[in-house]
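As a plain string of letters, each chain reads:
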Amino acid sequence: MRTGLDRLATHTKLGAELRSARVGLLAHAASVDRRMVHVRRVLAELGANVTLVFGPEHGAGGELQDMIEVQDVRDQLGTPVRSLYGSRFSDLSPTLDDLRQIDLLVVDLQDVGARYYTFVWTAVLAMRACAAAGIRMLVLDRPNPIGGDIASLEGHRQTAPLCSFVGLEPIAVRHALTLGEIVAWRAEVERLDARQVQIVRVTGIQREEHATVWRRPFVGPSPNMPRYETALVYPGGCLIEGTNLSEGRGTTAPFEIVGAPWIDGNRLAHELQALRFPGFKARPLTFRPMFHKYAGASCGGVQIHVTDAMTFRPFTTYLALVGLAHAQDPDRFAFRTEPYEFRDDVPAFDLLTGSAESRQSILGRHDPKDVAETAARVDEADRTVHYHALEAIRTRCV
């Protein structure tokens, strides 16, 4: 498998363009080639003049926790690094003053296949800012670690009022696309010239294949995305952020571990397993987060162990888990009410699921299996987005 960055080193025309332009770079810690050399160093090897670096959520080095404001810094080569994650929604896009310092923006960000993961929306916002400023954008694409099989689509696209930084445009939760495919889709929908936004595609991998066939390590793109196994559960595990359950931050297995001090892990594991959803085992456990929710407190809960990645349905499984946790103790279970990813007018859980329906059904004590299966179901419009993205990237390949 060769990523866009791997292929860049042998792309003569692009190499010449990079050497003749003032280059901006949007990247993070996982932006490495097959040698594990970071894209910033690769561009230097190619003779590119990188004048400005942009860092997304968690920072260009990937060291900050979720929803922590990122500061401007300089990288190890002395290049200014501008933050694209501040305290306001407007901070998520490059400024016109910064874009005036470059001729071309190179984007190399590892996505993980869930619409909540913010890097793809940082890339889309950067695309729009570049288009407005007349700056070209080149995306060095990377594979989806949890596969691109359309059969794996899960979680209906969100309604327009619930679009946010955890889903800037309506798309299925598990979208089975790459970052480059989503950027190309938006570029086509927004009628940007084919030269304005170009993609260097991934080669040597089949769409349905996961990170287990990459023949290289999975590099964690953010602090709580350390392993492929984390990415596999994340389209469901991130739903826990919208509740007062711990999503396992502060443990060695974020998003795989879920619980709270008042949860009976044995009961939760038994009831979740009894729903007979495929591809996993729920193991009861106790844990003590070192930071984040319930830091220093003993929690009961479960760890989700995926036994068959191809049949496992993370969104369905975790949404049912939330329903079961609420049913276990409705008085102590709660949905998050604090501001979430630049929105304070809508519950976080609604932003994540894409509507108020699942939250209201859980509060109404509807059957957790029915709630999960209803919300997970995709329709032809969800599939159409997928097809359009695959068509769009074909017109923008270099």
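Presented here is a report on the structure given in the accompanying data block. Computed from a predicted structure; not experimentally measured.

### Side note on the environment of Arg201
Structurally, the position occupied by Arg201 is in the loop between strand E7 (197-200) and helix H7 (228-237). By relative accessible area, which is 27% here, Arg201 ends up partly exposed. Expressed as a C-alpha distance, the spacing of Arg201 and Arg174, which sit 27 residues apart in the sequence, is 20 Å. Those residues within four positions of Arg201 in sequence are excluded, and the remaining contacts are Arg2, Thr3, Gly4, Arg7, Asp141, Glu181, Ile393, Arg394 and Cys397.

### Section: the sheet that holds strand E9 (residues 280-287)
Spatially, E8-E10-E9 is the arrangement adopted by the three strands of the open sheet, whose pairing is antiparallel. A single partner strand is all that each edge strand has here, and the edge strands are strand E8 (257-260) and E9. Along the sheet, successive strands turn relative to each other by an average axial angle of 25°, direction set aside. In this sheet, strand E10 (residues 299-306) lies alongside E9 in antiparallel orientation, the contact comprising eight bridges.

### Brief notes about the pattern of salt bridges
A full pass over the atoms with the stated rule returns 29 salt bridges. Of the charged contacts, one joins Arg157 and Asp379 as a salt bridge, the two residues approaching to 3.0 Å between their closest N and O atoms. Of the two residues, Arg157 is situated in the loop between strand E6 (136-140) and helix H6 (179-189) and Asp379 in the loop between helix H12 (368-376) and helix H13 (380-394); the sequence distance between them amounts to 222 residues. Using a relative accessible area of 24% as the deciding quantity, one classes Arg157 as partly exposed. For Glu247, the salt bridge goes to Lys293, with nearest N and O atoms at 2.9 Å.

### Observations regarding the nonpolar core
Judged by nonpolar contacts, the single largest core of 102 residues is most densely connected at Tyr116 and Leu245. Among the elements that take part in this core, helix H5 (residues 119-133) stands out by supplying ten residues, more than any other. Excluding residues that lie within four positions of it along the chain, Tyr116 makes contacts with Phe165, Val166, Val173, Tyr234, Pro235, Cys238, Leu239, Phe315 and Leu352. Ranked by size, the runner-up nonpolar core spans 22 residues in total, among them Leu5, Val37, Leu43 and Val81.

### So, the sheet that holds strand E2 (residues 49-55)
Overall, mixed pairing links the seven strands, which are arranged E3-E4-E2-E1-E5-E6-E7 in an open sheet. Edge positions in the sheet fall to strand E3 (73-74) and E7, since each of these pairs with one other strand and no more.

### Quick notes on the pairing of strand E5 (residues 104-108)
Burial analysis of E5 places five of its five residues in the buried class, which makes it a mostly covered element. The two faces of E5 match: Leu104, Val106 and Asp108 on one face and Leu105 and Val107 on the other face are all buried. Both strand E1 (residues 22-27) and E5 contribute to a ladder of five bridges, which runs parallel. Across the sheet, Leu26 pairs through a bridge with Val107, a residue of E5. Here four bridges tie E5 to E6, and the two strands are oriented parallel to one another. Residue pairing for E6: Leu104 is matched across the bridge by Arg136.

### Observations concerning H13
The first and last C-alpha atoms of H13 sit 22 Å apart over 15 residues, in line with the 21 Å expected at 1.5 Å per residue. Here H13 has its buried residues at Asp382, Val385, His386, Ala389, Leu390, Ala392 and Ile393. For H13, the angular spread of buried residues about the axis comes to 165°, placing them on one side. The N-cap of H13, judged by a side-chain oxygen 3.0 Å from the amide nitrogen of Ala381 a few residues on, is Asp379.

### Quick notes on the packing of H7 against helix H9 (residues 314-328)
Look at H7 against H9: their axes get within 7 Å of each other, and the N-to-C directions meet at 50°. In terms of their interaxial angle, H7 and H9 are classed as oblique. Remark: the crossing between H7 and H9 carries right-handed chirality. Residue-level inspection shows Leu232, Val233, Pro235, Gly236 and Gly237 of H7 in contact with H9, the latter providing Pro314, Phe315 and Tyr318.

### Examining the packing of aromatic side chains
Enumeration over the complete set of coordinates arrives at twelve aromatic pairs. Here Phe165 and Phe342 contribute two aromatic rings whose centre-to-centre distance is 6.0 Å and whose plane-to-plane angle is 75°, an arrangement assigned as edge-to-face. One end of the pair, Phe165, is in the loop between E6 and H6; the other, Phe342, is in the loop between H9 and helix H10 (348-353), with 177 residues separating them in the sequence. Taking the relative accessible area as the measure of exposure, Phe342 reaches 26% and is therefore partly exposed.

Criteria and thresholds
Residues numbered from 1 in each chain as written. Predicted model: local features only at pLDDT ≥ 70, side-chain atom pairs only at ≥ 80, totals over all residues. Heavy atoms only, no water. Helix = DSSP H or I, 4+ residues; strand = E, 2+ residues; numbered from the N terminus. Buried < 20%, exposed > 50% of the residue type's maximum accessible area, 1.4 Å probe, protein only. Contact = heavy atoms within 4.5 Å. Pairing = 2+ DSSP bridges. Axes fitted to C-alpha atoms, helices over the stretch in contact; angles between N-to-C directions. Salt bridge = Lys/Arg side-chain N within 4 Å of Asp/Glu carboxyl O. Core = buried A, V, L, I, M, F, W, Y, C linked by side-chain atoms within 4.5 Å. Expected span 1.5 Å × (residues − 1). Arc of directions from axis to C-beta. Polar contact = N/O pair within 3.5 Å; in protein donor to acceptor, adjacent residues only side chain to side chain. Parallel < 35°, antiparallel > 145°, perpendicular 65-115°, else oblique. Left-handed = near helix turned anticlockwise from the far one by under 90°. Phe/Tyr/Trp six-rings, centres within 6.5 Å; stacked < 30°, edge-to-face > 60°.

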